[in-house]
Amino acid sequence: MAHSEQEILAGLAEIVSEETGLPAESVLPEKSFTDDLDIDSLSMMTIVTLAEDRFSVTIPDGEVKNLVTVSDAVSFIAGAQS
Amino acid sequence: MRSQTDVVVTGLGATTPLGGDVASTWAAALAGESGARPFVEDWAERYGIPVTFAATIKVPAADVLAIPEIKRMDPSAQYAIIAAREAWADAGAPSVDPDRLGAVVSSGIGGIQTTLDGWDTLREKGARRMLPMTVPMLMPNSPVAWVSLELGARAGAHALVSACASGSEAIGYAVDMIRAGRADVVVAGGTEACIHPMPISAFAASRTLSLRNDDPAGASRPYDVDRDGFVLGEGAGVVVLESASHAAARGARVYARIAGVGLSADGFHITSPEPHGEGQVRAMRFALADSGVAARDVVHLNAHATSTVVGDLIEARSVREVLGSDADHVALSATKSMTGHLLGGAGAVETIFTVLALAERTAPPTINVANPDPELVLDLVRDEPRALPDGQIAAINNSFGFGGHNVALVVASA
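### A short note on the pairing of strand 7 (residues 235-243) of chain B
Residue and element names in this part refer to chain B.
And then number 1: With nine of its nine residues buried, strand 7 lies for the most part within the structure.
And then number 2: Judged from the eight bridges that link them, strand 1 (residues 7-15) and strand 7 form a sheet pairing that is antiparallel. Considered in strand 7, the bridge of Val 9 is made with Leu 241.
And then number 3: Two strands pair when backbone bridges link them, and strand 6 (residues 185-192) and strand 7 are joined in this way by eight bridges, in the antiparallel orientation. Note on strand 7: the bridge partner recorded for Thr 191 is Ala 236.

### Brief notes about the sheet that holds strand 12 (residues 379-380) of chain B
Adjacent strands of a sheet pair through backbone hydrogen bonds, lying either parallel or antiparallel.
Residues and elements named next belong to chain B.
And then number 1: Strand order in the open sheet formed by eleven strands is 5-4-6-7-1-8-15-14-9-10-12, and the pairing between neighbours is mixed. Here the strands that pair on one side only, and so sit at the sheet edges, are strand 5 (157-158) and strand 12.
And then number 2: Pairing between strand 9 (residues 298-302) and strand 10 (residues 331-333): three bridges, direction parallel. Bridge pairing in strand 10 links Leu 301 to Leu 332.
And then number 3: Docked against the sheet, helix 7 (residues 142-151) engages strand 4 (101-107), strand 5 and strand 6, running at close to 155° with respect to strand 4.
And then number 4: Where helix 8 (residues 166-179) meets the sheet, its contacts fall on strand 1, strand 4, strand 5, strand 6, strand 7, strand 8 (256-265), strand 14 (394-401) and strand 15 (405-413), and the angle it forms with strand 6 comes to roughly 170°.

### Side note on the interface of chain B and chain A
And then number 1: Of the residues lining the interface, twelve residues belong to chain B; the matching set on chain A comes to 18 residues.
And then number 2: Note on chain B versus chain A: buried area summed over both sides is about 1200 Å², and carbon and sulfur give 53% of it.
And then number 3: On the chain B side of the interface with chain A, the three residues burying the most area are B:Arg128, B:Arg129 and B:Pro132, jointly 47% of the side's total.
And then number 4: Taken together, the links from chain B to chain A amount to seven salt bridges.
And then number 5: For B:Lys125, the salt bridge identified is with A:Asp53, shortest N-O distance 2.9 Å.
And then number 6: There are eight residue pairs in polar contact (both at pLDDT 80 or more) connecting chain B and chain A.

### Describing the packing of helix 8 of chain B against helix 14 (residues 346-360) of chain B
Residues and elements named next belong to chain B.
And then number 1: Here helix 8 crosses helix 14 at 65°, and the two axes come no closer than 5 Å. For the element pair helix 8 / helix 14, the angle class is roughly perpendicular. Residues Gly 167, Ser 168 and Ile 171 of helix 8 touch helix 14, and the partners they reach there are Gly 347, Ala 348 and Thr 351.

### Section: the side chain of B:Glu169
All names here are of chain B.
And then number 1: Relative to the helices and strands, Glu 169 resides in helix 8.
And then number 2: No salt bridge is formed by the buried Glu 169. Its closest oppositely charged neighbour is Arg 182, at 12 Å.
And then number 3: Once residues lying within four places of it in the same chain are set aside, the contact partners of Glu 169 are Leu 160, Ser 162, Leu 263 and Val 407.

### Quick notes on the packing of aromatic side chains
Residue and element names in this part refer to chain B.
And then number 1: Evaluation of the coordinates by the stated rule reveals three aromatic pairs over all chains.
And then number 2: Pairing Trp 26 with Phe 353 gives two aromatic rings, centres 5.8 Å apart and planes at 35°, and the pair type is tilted. With Trp 26 in helix 1 (residues 22-30) and Phe 353 in helix 14, this pair connects stretches of sequence that are 327 residues apart.
And then number 3: The exposure class of Phe 353 is buried, given its relative accessible area of 2%.

### Quick word on the nonpolar core
Note that soluble globular proteins tend to have their nonpolar side chains buried in a common cluster.
Residue and element names in this part refer to chain B.
And then number 1: Of all hydrophobic cores here, the largest spans 49 residues; its most connected members are Leu 12 and Leu 241.
And then number 2: When residues of this core are traced back to their parent elements, those giving at least two are strand 1, helix 1, helix 8, strand 6, strand 7, strand 8, helix 14 and strand 15.
And then number 3: Apart from residues no more than four positions distant in its own chain, Leu 12 is found in contact with Val 22, Glu 86, Ala 87, Asp 90, Val 238, Val 239, Tyr 255, Ile 352, Val 355 and Leu 356.

### Let's talk about helix 14 of chain B
And then number 1: With 15 residues, helix 14 of chain B should reach 21 Å at 1.5 Å per residue; the first-to-last C-alpha distance of 21 Å fits that figure.
And then number 2: Count one or two residues on from helix 14 of chain B and you reach B:Arg361, which has phi positive near 55°.

About the thresholds
- Residues take numbers from 1 onward in each chain, read along the sequence in its written order.
- Written order determines the labels here, with chains lettered from A and ligands numbered from 1.
- Reporting of local features is limited, given that this is a predicted model, to residues whose pLDDT is at least 70; pairs of side-chain atoms are given and counted only at 80 or more, and all residues count toward the totals for whole chains, interfaces and linings.
- No hydrogens and no water enter the side-chain calculation; it runs on all heavy atoms of the structure.
- Three labels apply to residues, based on accessible area from a 1.4 Å probe with only protein chains included: buried if under 20% of the type maximum, exposed if over 50%, partly exposed otherwise in between.
- Helix and strand labels come from DSSP, where a helix needs a run of H or I of at least four residues and a strand needs a run of E of at least two; each type is numbered from the N terminus.
- When DSSP finds two or more bridges between a pair of strands, those strands are recorded as paired.
- Contacts are assigned to residue pairs with any non-hydrogen atoms lying within 4.5 Å of each other.
- The convention used is that axes are lines fitted to C-alpha atoms, helices contributing only their stretch in contact, and that angles between N-to-C directions extend from 0 to 180 degrees.
- Buried area: the sum, over both parts, of the accessible surface (1.4 Å probe) that disappears when the two are put together.
- Salt bridges are counted wherever a side-chain nitrogen of Lys or Arg sits within 4 Å of a carboxyl oxygen of Asp or Glu.
- In the analysis that follows, any N or O atom pair within 3.5 Å is treated as a polar contact, provided that within protein one partner can donate a hydrogen and the other can accept it, and provided that, for residues neighboring in sequence, both atoms belong to side chains.
- Here the word oblique covers every angle except those under 35 degrees (roughly parallel), over 145 (roughly antiparallel) and from 65 to 115 (roughly perpendicular).
- Neither His nor the chain ends is counted toward charge; the positive residues are Lys and Arg and the negative residues Asp and Glu.
- To pair, rings of Phe, Tyr and Trp, with the six-membered ring standing in for Trp, must have centres within 6.5 Å; the planes then decide the type, stacked if under 30 degrees apart, edge-to-face if over 60, and tilted in the middle.
- Among buried residues, the Ala, Val, Leu, Ile, Met, Phe, Trp, Tyr and Cys ones that are joined through side-chain atoms within 4.5 Å form a nonpolar core.
- The span expected for a helix works out to 1.5 Å for each residue beyond the first.

Here it is, written out as structure tokens:
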């Protein structure tokens, strides 16, 4: 069953929060993973792996560089579900 | 004449089956408490494991660390970080040139829970679900790497592996770093986190674990005639070591000196200690010679004594051989009777016990010795702590590991 974008955002925020220690409320759509949330490449790959598992999608390695903001990731995951 | 740098202990940290820090661990040890507990999990039933208990840490790491720390560190590193933070704060968080600050933290087994979790993930979900942090979590240098990162220790970060001697060997190596002039301060110790059905099954298969399932708290009984093996434990101990001059310059409180380090290898058998204790004797003699401490000043010994039928007596005879009649005034403590066997963490936690025994002039007890082995040729401190004499005194901490590794540390009062 497909998750709504709102559910994806909430789930992603939880994953990011547990990885970084930042409060989930601070993981807003417009935030940049690297510039705003200070996430390094290894942490980003961890988040991608956990998100793939949680939302039953595949995020190809080549796609990860395009996921600049949280919103980018939410949109990609929403699109990849179908 | 000795001309080497004196190395002193200025900070202590631990998380053990007896307590989440040094004060609670030491208080529980003096009170003769056991850290052994039945498994909460149904491992014994599910896998047919013959052992149903272990000495798990008293305060779960998740109660102390932040979620991101739990997620990116193997439990062996989590315990090391908890102990290192306490030790560093206890030492007064000294201001040290990072290039003069070292770290040596060992584990006997390494990040085995991460390794096994990774294998489970691979089999159940496939390679795509493998977490990217798996390698930096499972590598055996992970605990010391995290300690080095945390403290900014750049003089060197080392993880010496010698099974159950690892924690003591780490402290010995740290002493060498300071003596060789490569560091002024070194954070050193050992950690272990392998309470998981696979390692427990493996230790049980080697017939080294106690099977006293009906009495976990009474299972670790070094030198008792009914001892039947060790109790697997987990946790970490970390000390802050400094050159005496560095400690004096900053007015640090000094608990004790690590006066001598003795290392040897049996070269005999992959698991059994050499039956005459020849390697153990050499390690203790080297440590005493290195320390300049006379045998008559040794008043306490924290034995490796894991509660195995063969090992305990070999060590006791070795101590007698090294100290001769001076062994008569040595208060022998086997603290694994309370903590269980922390493997790579054991030597470090027992060094902390030895340091505190000298600093507080109190030898911790050995519990569960209802009937001392008639072949024990030493004076065992049983059930209650025992006062140690005033004046300049010294103690030995022994640690021996699978593979024939022998480490003896001579600790002297400050």
